[in-house]
Amino acid sequence: MESKIGNKVKKLRLSLGMSQEEFGKKLGYTSRSSINKIEKGINDISYDKLILLIKEYNIDLKSIVDDENTNISNAHDKNSNIYISFSGRAEGNCFDIAHHLMNKKDTFIPFKDISYNPCSNCNYECFKEACKYRDDEIYSLIETSLTYKNIILLVPMYCSNPSSLYFIFSERMQDFFNNNSNKWNTFLKKLKIIAIFGSEEETPLFIPTLLQLVNGDNSKILKIERHKFNLKMDDKVTENKELLNKIDSFIIN
Ligand SMILES: Cc1cc2nc3c(=O)[nH]c(=O)nc-3n(C[C@H](O)[C@H](O)[C@H](O)COP(=O)(O)O)c2cc1C
């Protein structure tokens with residue numbers, strides 16, 4: 001059974017871009033499972049830890065006691081950005097590009113490290129009421145992302161397509177926006193995509209696939225075409241001056 005406070009703790013942790021392990025350590029827990037149990041409502045958070053949480057993250061107490069739909073507030077600067085990477089690599093080009101652009105207050109989420117389920121073994125529950133995997137971290141990631149100024153997706157090309165992690169995210173939006181249709185325009189307004197791939201000439205369908213998410217708005221996509229700069233698969237994009245200029249000119253206000 002999920003608890004109100006457990007859900008809020010989970011949303012806060014995600015908004016900070018932390019794993020359960022990192023977040024647990026900050027609060028003095030020795031194992032990841034302590035945070036997992038609090039988030040799932042199996043254990044309550046102790047008074048001492050709650051106070052520590054409030055102090056450490058400058059949290060508005062009212063947002064803790066308010067109803068379930070209120071996010072814990074003041075956890076991050078409202079003018080900061082969230083970068084979500086769909087790379088399978090820990091420190092590949094998606095990571096490098098995001099960290100080149102990020103300010104201190106921004107958040108980086110490697111999608112590979114959150115708990116997620118692809119659309120599978122279900123009966124279209126998301127069209128009817130709620131996705132059966134609502135308890136994983138995708139739903140709360142989308143919800144949390146809406147509290148940032150900009151939402152920047154870093155999407156690498158794998159086998160001529162956006163990576164499978166990107167498709168998992170995109171499929172699960174069905175559940176979120178079916179339940180929160182009033183939030184779609186806000187999400188779209190904040191959304192930008194950085195696409196890392198070979199070249200448009202070699203794979204002309206890659207960018208159109210991503211354009212579907214941003215309603216065909218080309219200005220929302222930064223194309224990093226490695227082959228046009230003679231960069232191989234695991235060469236570092238951020239070591240190429242010309243590409244770096246291109247990345248810098250993709251203004252994220
Ligand atoms: C499984 C896999 C398949 C890939 N397929 C392609 C491809 O078809 N075309 C291409 O240009 N690059 C391909 N790449 C290269 C990636 O686009 C490139 O390494 C990019 O830097 C990925 O971002 P990352 O470094 O953050 O993982 C592939 C990489 C992987 C791991």
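Residues numbered from 1 in each chain as written. Predicted model: local features only at pLDDT ≥ 70, side-chain atom pairs only at ≥ 80, totals over all residues. Heavy atoms only, no water.

### What to know about the overall build of the chain
For the chain, the helix and strand inventory stands at twelve helices and six strands. For the chain, whose C-alpha radius of gyration is 19 Å, the value lies close to the compact-globule estimate of 18 Å for 253 residues. If you line up the chain on its principal axes, its C-alpha atoms span 55 × 40 × 30 Å. Looking at the chain residue by residue over its 253 residues, the buried ones come to 49%. Put simply, of all contacts in the chain between residues at least 6 apart along the chain, 71% involve residues at least 24 apart. Surface accessibility of the chain: about 13000 Å² in total, with carbon and sulfur atoms responsible for 49%. (Helix = DSSP H or I, 4+ residues; strand = E, 2+ residues; numbered from the N terminus. Rg over C-alpha atoms; globule rule 2.2 N^0.38 Å. Buried < 20%, exposed > 50% of the residue type's maximum accessible area, 1.4 Å probe, protein only. Contact = heavy atoms within 4.5 Å. Areas by Shrake-Rupley, 256 points an atom, 1.4 Å probe, with all protein chains shown as cover.)

### Section: the site of the ligand
Around the ligand sit 16 residues, and of these Ser87, Arg89, Asn93, Met157 and Cys159 come closest. A distance of 2.7 Å separates a nitrogen atom of the ligand from a polar atom in the backbone of Cys159. The contact in question runs from an oxygen atom of the ligand to an N or O atom on the backbone of Ser160, over 2.9 Å. Bound to the protein, the ligand loses 78% of the 620 Å² it would expose on its own. At the level of elements, helix H6 (93-101), strand E3 (150-158) and strand E5 (191-197) are the ones that each hand at least two residues to the shell around the ligand. Grouping the amino acids of the shell around the ligand by side-chain chemistry returns eight nonpolar, six polar and two charged. (Near = heavy atom within 4 Å. Polar contact = N/O pair within 3.5 Å; in protein donor to acceptor, adjacent residues only side chain to side chain. Nonpolar A, V, L, I, M, F, W, Y, C, P; charged D, E, K, R; others polar.)

### A short note on the nonpolar core
Formed by 36 residues in total, the largest nonpolar core has its most connected members in Ile84, Phe86, Phe111, Leu153, Phe169, Phe187 and Leu210. Of all the secondary structure elements, the ones that give two or more residues to this core are strand E1 (81-85), helix H8 (138-145), E3, helix H9 (164-179), E5 and helix H11 (206-211). If we skip the residues at most four places from it in the chain, Phe111 touches Ile84, Ser85, Phe86, Tyr116, Ile138, Leu141, Leu165, Ile168 and Phe169. In this structure, Tyr83, Ile152, Leu243 and Ile247 belong to the second largest nonpolar core, which totals 21 residues. (Core = buried A, V, L, I, M, F, W, Y, C linked by side-chain atoms within 4.5 Å.)

### Quick notes on the layout of surface pockets
Space inside the largest pocket adds up to approximately 670 Å³. Forming the walls of the largest pocket are 33 residues, and the residues nearest its centre are Leu16, Gly17, Met18, Thr107 and Phe108. For the lining of the largest pocket, the elements supplying multiple residues, two or more each, are helix H1 (4-15), helix H2 (20-26), H6 and strand E2 (107-110). A total of four residues in the lining of the largest pocket trace back to one element, the largest contributor, which is E2. (1 Å grid on protein atoms, 1.4 Å probe; cavity = no way out; pocket = protein on both sides within 12 Å on 5 of 7 lines; lining within 4 Å. Points joined across faces, edges and corners; volume = space filled by probe spheres on them.)

That is the geometry; function is a separate question.
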